[in-house]
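A structural walkthrough
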Amino acid sequence: MIGLADCNNFFVSCERTINKDLEGRAVVVMSNNDGCAIARSNEAKALGIKMGQPMFEIRHLVNSGQLVALSSNYALYHEISNVVHKIFHKYAPTVIDYSVDEAFFDLTGIPVEALDEIGANICNECLSEAGIPVTVGFSHTKTLAKIASEIGKKSKRRVVTLVDPVEINDILSRTPINDVWGIGRRTARKLYFEGIHTAKNYIDCDIHHIKHLTGINGVKTHNELRMIPCIDLDACNRPIQNSISESRTFSRDISDYEIIKTRLTTYTTHCATRLRNMNSQCSSVIVYLATNRFHTNESQQFPSIEIRLNQPSGSTSLLVEAMIQGLDKIFDPAIAYKKAGIVLANISPIRATTPSLFDPIEDNTVDSNHQLMQAIDEINHSSSGGVLRLASQMGLGKIGESSALSSSFQFRSKK
Ligand SMILES: [Mg+2]
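Described below are features of the structure shown in this document.

Analysis parameters
Residues numbered from 1 in each chain as written. Predicted model: local features only at pLDDT ≥ 70, side-chain atom pairs only at ≥ 80, totals over all residues. Heavy atoms only, no water. Axes fitted to C-alpha atoms, helices over the stretch in contact; angles between N-to-C directions. Helix = DSSP H or I, 4+ residues; strand = E, 2+ residues; numbered from the N terminus. Parallel < 35°, antiparallel > 145°, perpendicular 65-115°, else oblique. Contact = heavy atoms within 4.5 Å. Nonpolar A, V, L, I, M, F, W, Y, C, P; charged D, E, K, R; others polar. Donors = N, O, S within 2.8 Å, 3.2 Å for Na, K, Ca; no water. Buried < 20%, exposed > 50% of the residue type's maximum accessible area, 1.4 Å probe, protein only. Pairing = 2+ DSSP bridges. Phe/Tyr/Trp six-rings, centres within 6.5 Å; stacked < 30°, edge-to-face > 60°. Salt bridge = Lys/Arg side-chain N within 4 Å of Asp/Glu carboxyl O. Polar contact = N/O pair within 3.5 Å; in protein donor to acceptor, adjacent residues only side chain to side chain.

Considering the packing of helix H6 (residues 142-155) against helix H10 (residues 207-225)
- Interaxial distance between H6 and H10 falls to 7 Å at its minimum, and their mutual angle equals 65 degrees. Between H6 and H10, the angle falls in the class roughly perpendicular. The segment H6 lies against H10, with Lys142, Thr143, Leu144 and Ile147 engaging Thr221, Glu224 and Leu225.
- When the residues that make up the contact of H6 with H10 are grouped by side-chain class, the tally is 3 nonpolar, 2 polar and 2 charged.

What follows is the structure, encoded as structure tokens:
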């Protein structure tokens, strides 16, 4: 058996964990520049809001108070995604993190009677530990498990198990072909003209004809819908996020800027080293802070900011500089924080990027910076404990404060 756990309205559910007032309300999360809706609560779906609907079409609902539109907070989603995926991994020896809010479980050998309880446990734990509602679908193949979880979401059942072939056939006859996992919009249109409107029509169609219409992937889907596992778990095991992150929960609440900056510098330094070990660079630095989530009497704060670099970089000093720039924008001295974290996002292999025509070419060119970082990595690697550190990592924050750039190359020896 295969299981699929999928978080419900993930981004909206994440927002609700830090703002309980959003519960029961129509909420959408907007794309990067607040251009269009990328996540909708059930209430927002009920208002007829479509995925990807542009802001100008829904602004009247926001203005009249019927709808809450939020800017996306990727640091928060990333953070909660990690918690949820950690929970998923407890429930099967083979778990494939398929996306930021979904994972497949290989439950080979688990008796069907045990599935309901496993599913319920996953849902309960995600809700109590991460505050995220989850739907779990079980069936013979990944494609059918997907269908099972979709049925669960539509019918508000937390766990749906599709085992009986007669029941599966019946459900496939009610599943529009464009709702099937792996059937893209273009393929669905092509199939529609062939008179294939439902998943049942699809499996009733001759396999050679399917191959002719949809290629080898369509054949795999055809098999999967007929309960023959075809899509390899490993084949879907792609990195779910093109990011590296580090965060810590402090032993106490901290409101001291210097302490937080020093810690974030350390996390950024670690992430930058991992980035360079992957022979990669990144083009976004996300910084976030969080207040203590166990202080339920106060409203929680989860400020985050994404700093986009002019050009991708793997240089510790440039990344730390961006981090400090972000921290300065979100840090509020009146608030005590329990957690701080950094995410290096939009990772690409070194030299795969084309410099932008409009961006200033910095003096410390990619190459010289890269060589400097390599030298530092080698020194730190050969002498345990990292002898070369950024000044701001050692709490010598004042040096860099007047100009973040001036702190860039102030490496100091521990000795
Ligand atoms: Mg989901």
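From this point, the narrative continues.
Regarding the coordination of the magnesium ion
- Within the protein, the magnesium ion binds to Asp6 (OD), Cys7 (O) and Asp101 (OD); these donor distances fall in the range 2.1 to 2.5 Å.
- In primary-sequence terms, the residues that donate to the magnesium ion follow D-C-x93-D. Placement of the pair is Asp6 in strand E1 (residues 2-7) and Asp101 in the loop between strand E5 (94-99) and strand E6 (102-106), with a sequence separation of 95 residues. Of the two residues, Asp6 and Asp101, neither departs from the other in class, the shared state being buried.

Concerning the sheet that holds strand E10 (residues 280-290)
- The antiparallel open sheet is built from 4 strands, whose spatial order is E9-E12-E10-E11. The open sheet is flanked by strand E9 (243-254) and strand E11 (304-313), the only strands paired with a single partner. Averaged over neighbouring strand pairs, the angle between their axes works out to 15 degrees when direction is ignored.
- Two elements, E9 and strand E12 (residues 337-349), share 8 bridges in a ladder whose sense is antiparallel. The residue of E12 that forms the bridge with Glu246 is Ile342.

As for the packing of aromatic side chains
- Inspection of the entire model under this criterion finds 11 aromatic pairs.
- Judged by centre distance (5.9 Å) and plane angle (90 degrees), the rings of Phe11 and Tyr74 are edge-to-face. In this pair, Phe11 sits in helix H1 (residues 10-18) while Tyr74 sits in helix H4 (residues 74-88), placing the two residues 63 residues apart along the sequence.
- Given a relative accessible area of 30%, Tyr74 falls into the partly exposed group.
- A centroid spacing of 5.9 Å and a plane angle of 75 degrees characterise the contact between Phe88 and Phe105, whose relative ring orientation is edge-to-face. A residue pair is termed long-range when its members are at least 10 positions apart, and Phe88 in helix H4 and Phe105 in strand E6 qualify at 17 residues. Across the pair, exposure class does not vary: Phe88 and Phe105 are buried alike.

Examining the pattern of salt bridges
- Per the counting criterion, the structure on display carries 13 salt bridges.
- The salt bridge involving Glu306 is made with Arg308; its shortest N-O contact spans 3.4 Å.
- Since its relative accessible area comes to 51%, Arg308 is described here as exposed.
- What emerges from the salt-bridge pattern is a single network uniting Asp6, Glu150 and Lys153.

So, the packing of H1 against H4
- Axis separation between H1 and H4 bottoms out at 10 Å; the angle between their running directions is 95 degrees. Judged by the inter-axis angle, H1 sits roughly perpendicular to H4. Of the residues in H4, those touching H1 at Phe10, Phe11, Cys14, Glu15, Thr17 and Ile18 are Tyr74, Leu76, Tyr77, Ile80 and Ser81.
- The residue inventory of the contact of H1 with H4, partitioned by class, reads 8 nonpolar, 2 polar and 1 charged.

Digging into the pairing of E12
- Within E12, 11 of the 13 residues are buried, which leaves the element mostly enclosed by the surrounding structure.
- Taken together, the 10 bridges between E10 and E12 define a ladder with antiparallel strand orientation. Across the sheet, the residue bridging to Ile286 is Val343, located in E12.

Structural notes on unusual backbone geometry
- Positive phi outside glycine occurs at Lys156, with the angle close to 55 degrees.
- Phi at Asn279 takes a positive value of approximately 55 degrees, unusual for a residue other than glycine.
- Checked against the element boundaries, Asn279 lands in the loop between helix H11 (257-277) and E10.

Let's talk about the sheet that holds strand E2 (residues 27-30)
- Taken together, the 3 strands give an open sheet; going across it, the order is E3-E2-E4, and neighbouring strands pair in mixed fashion. Every interior strand has two partners, whereas the edge strands, strand E3 (37-40) and strand E4 (68-71), have only one. Neighbour-to-neighbour, the strand axes of this sheet turn through a mean angle of 30 degrees, independent of strand direction.
- Here E2 runs beside E4; their pairing, made up of 4 bridges, is parallel.

Remarks on the side chain of Ser284
- Relative to the elements of secondary structure, Ser284 occurs in strand E10.
- With a relative accessible area of 0%, Ser284 lands in the buried category.
- At 2.7 Å, the side chain of Ser284 forms a polar contact with the side chain of Glu306.
- In terms of polar contacts, Ser284 uses its side chain to reach the side chain of Asn346, at 2.9 Å.
- Apart from residues lying up to four places away in sequence, Ser284 is in contact with Glu306, Ile307, Arg308, Val343, Leu344, Ala345 and Asn346.

Re the environment of Gln66
- Within the secondary structure, Gln66 is located in the loop between helix H3 (55-63) and E4.
- Exposure remark for Gln66: the relative accessible area of 43% places this residue in the partly exposed category.
- Each C-alpha atom, one on Gln66 and one on Ala26, is 6.9 Å from the other, the two residues being 40 residues apart in sequence.
- In this structure, Gln66 is in contact with Ala26, Leu47 and Leu61, ignoring residues within four places of it in sequence.
- Polar side-chain contacts of Gln66 include one of 2.9 Å to the side chain of Ser64.

Coordinates in, geometry out; function isn't part of it.
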